Amino acid sequence: MTQPSIEQLQALQAEIEQTLYTLIDLELEENFPEMNTRFAQLLTKVQAAKLIDYKLDVLVDPQDFAAETCTLLQCLIEAKARPRKRQRLLTHRMILKIWLRKNQRFMNEFLPQMF
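Rules behind the numbers
Residues numbered from 1 in each chain as written. Predicted model: local features only at pLDDT ≥ 70, side-chain atom pairs only at ≥ 80, totals over all residues. Heavy atoms only, no water. Core = buried A, V, L, I, M, F, W, Y, C linked by side-chain atoms within 4.5 Å. Buried < 20%, exposed > 50% of the residue type's maximum accessible area, 1.4 Å probe, protein only. Helix = DSSP H or I, 4+ residues; strand = E, 2+ residues; numbered from the N terminus. Contact = heavy atoms within 4.5 Å. Salt bridge = Lys/Arg side-chain N within 4 Å of Asp/Glu carboxyl O. Expected span 1.5 Å × (residues − 1). Disulfide = S-S within 2.5 Å.

## A word on the nonpolar core
Ranked by size, the top nonpolar core spans 27 residues in total, and within it F39, V46, L51 and W99 carry the most contacts. Those elements that place two or more of their residues in this core are α1 (6–29), α2 (32–48), α3 (67–81) and α4 (92–102). In terms of residue count, the dominant contributor to this core is α1 (7 residues). Apart from residues lying up to four places away in sequence, L51 is in contact with L9, L12, V46, D57, V58, L59, V60, F65, T69 and L73.

## Some points on the pattern of salt bridges
Between side chains of opposite charge, a pair can form when the charged atoms approach closely. Applying the stated criterion across every chain yields a total of 4 salt bridges. Among the ionic pairs, K45 bridges to E15, the shortest N-O distance being 2.4 Å. Within this pair, whereas K45 is found in helix α2, its partner E15 is found in helix α1, the two being separated by 30 residues in sequence. Each of K55, D57 and K80 takes part in salt bridges that share partners, so that together they form one network.

## Comments concerning the environment of P62
Its location among the elements puts P62 in the loop between α2 and α3. Overall, the relative accessible area of 8% leaves P62 in the buried class. In sequence terms P62 and L73 are 11 residues apart; their C-alpha atoms lie 5.7 Å from each other. If we ignore the near neighbours within four places in the chain, the residues touching P62 are C70, L73, Q74 and I77.

## Quick notes on α3
Given 3.6 residues per turn, any residue in an α-helix points the same way as the ones three and four places further on. Between its first and last C-alpha atoms α3 spans 21 Å; for 15 residues at 1.5 Å apiece the expected length is 21 Å, and the two agree. Restricting attention to buried positions, one finds in α3 the residues E68, T69, C70, T71, L72, L73, C75, L76 and A79.

## Thoughts on α1
Across its 24 residues, α1 extends 35 Å between first and last C-alpha, which sits within 8% of the 34 Å expected from 1.5 Å per residue. What α1 keeps buried is the set L9, L12, Q13, I16, T19, L20, T22, L23, I24, L26 and E27. A positive phi of about 60 degrees marks E30, the residue just after α1.

## Remarks on the state of the cysteines
In total, this model carries 0 disulfides according to the counting rule given. C70 forms no disulfide, and the closest cysteine sulfur to it belongs to C75, at a distance of 9.2 Å. On the basis of relative accessibility, which here comes to 9%, the residue C70 falls in the buried class.

Below you can see the structure in the form of structure tokens.
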């Protein structure tokens, strides 16, 4: 198994940032099924780049990556550390909520408009 190249990681980081903005728009539209689908596709690409494993454990140091990638990886760590009732499975929605709330643009521009 080969490690992804620097160019591949840069492309992935750009895709992560673009996906975040798409997910913010979908959140505003309340299109939750599409949000889950896009987020699942993104996690698959992050796993293929060997940044996370199949259990969503982070395999790299988040600080080594661009801002949104770092935030995503930190959110995965935080979501896995949170206590869950009756050992429910960690869902994409749980991770996504954490990721969106850590994004300053979402918190400052979009969240206040939702209320």
